[in-house]
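A look at the structure
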Amino acid sequence: MTSQGENIPSIDVAAKIADSLGVTLDYLVKDGEYERIDNETLKKLKEIQHLDPENKSHVFATIDAFIKAAKLKSIAAL
């Protein structure tokens, strides 16, 4: 339902628009916490979800190490 000449695409159309722009559907529809996560990152996160717990733990430990290093480098630059 629309009001005042507002057009709202179906969820399927909105998803196709987001995909063609390389952004998430969340990015298109609201200013959410995940608005800056691109589709490539989401695809990788989905792949991580399918890993066995041990491998998933290793991936997250690696990510945590890179994030920590980046934060320390940023602090050192101050």
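As a reminder, the structure under discussion sits directly above these lines.
Sequence order as written defines the numbering, with residues in each chain counted from 1. In view of the model being predicted, local features appear only for residues whose pLDDT reaches at least 70, and side-chain atom pairs are presented and counted only at 80 or more, with totals across whole chains, interfaces and linings using the full set of residues. Derived side-chain values reflect all non-hydrogen atoms in the structure, with water molecules and hydrogen atoms excluded from consideration.

Turning our eyes to something else, we now look at the overall build of the protein chain. Each helix is a run of H or I in the DSSP string that is no shorter than four residues. Each strand is a run of E no shorter than two, and both are numbered from the N terminus. In terms of regular secondary structure, the protein chain is built from four helices and zero strands. From first element to last, N terminus to C terminus, the protein chain shows the α and β order α-α-α-α. For every residue, the accessible area (1.4 Å probe, protein chains only) is compared with the maximum for its type, and the residue is labelled buried under 20%, exposed over 50%, or partly exposed between those bounds. Classification of the 78 residues of the protein chain by burial places 10% in the buried group. We call two residues in contact whenever any of their non-hydrogen atoms come within 4.5 Å of each other. Considering only contacts within the protein chain whose residues lie at least 6 apart along the sequence, 0% involve residues at least 24 apart. Of the roughly 7,000 Å² of accessible surface on the protein chain, a fraction of 58% belongs to carbon and sulfur atoms. Here the accessible surface of atoms and residues is derived via Shrake-Rupley with a 1.4 Å probe, and residues count as covered only by protein chains that are part of the display.

As a further point, take the environment of Asp 52. Position of Asp 52 relative to the elements: it lies in the loop between α3 (39-49) and α4 (53-76). A distance of 2.8 Å separates a polar atom in the side chain of Asp 52 from a polar atom in the side chain of Asn 55. Here a polar contact means two N or O atoms within 3.5 Å. Within protein one must be a hydrogen donor candidate and the other an acceptor candidate, and residues neighboring in sequence count only if both atoms are side-chain atoms.

Once that is clear, we can look at the environment of Phe 60. Among the structural elements, Phe 60 can be located in helix α4. Look at Phe 60 and you get partly exposed, because its relative accessible area is 35%. When the C-alpha positions of Phe 60 and Ile 48 are compared, they lie 9.0 Å apart, and in sequence the two are 12 residues distant.

Further remarks concern a nonpolar patch on the surface. Judged by side-chain polarity, Val 13, Ile 17, Leu 21, Tyr 27, Leu 28 and Val 29 come together as a nonpolar surface patch covering roughly 530 Å² of accessible area. Relative to the helices and strands, Ile 17 is located in helix α1 (residues 11-21). The class of Ile 17 is partly exposed, set by a relative accessible area of 36%. A patch consists of residues exposed above 30% relative accessible area that lack any salt bridge, with like charges linked at up to 9 Å and nonpolar side chains (Val, Leu, Ile, Met, Phe, Trp, Tyr) linked at up to 5 Å. The term salt bridge refers to a side-chain nitrogen of Lys or Arg lying within 4 Å of a carboxyl oxygen of Asp or Glu.

Next up on the list: α4. Residue pairs three or four apart in sequence face the same way in an α-helix, which turns once every 3.6 residues. To estimate how far a helix should extend, the number of its residues minus one is multiplied by 1.5 Å. Its 24 residues place the ends of α4 34 Å apart at the C-alpha level, agreeing with the 34 Å of an ideal helix rising 1.5 Å per residue. Here α4 starts with a cap whose side-chain oxygen sits 3.1 Å from the backbone nitrogen of Glu 54, and that cap is Asp 52.

The subject of this paragraph is the environment of Ile 37. By the secondary structure assignment, Ile 37 is in the loop between α2 (25-29) and α3. Judged by relative accessible area, Ile 37 falls into the partly exposed class, the value being 21%. C-alpha of Ile 37 to C-alpha of Asp 26: the two residues are 11 residues apart in sequence and 9.2 Å apart in space. Filtering out sequence-adjacent residues up to four positions away, Ile 37 remains in contact with Thr 24 and Leu 42.

Worth remembering: the numbers are spatial, not functional.
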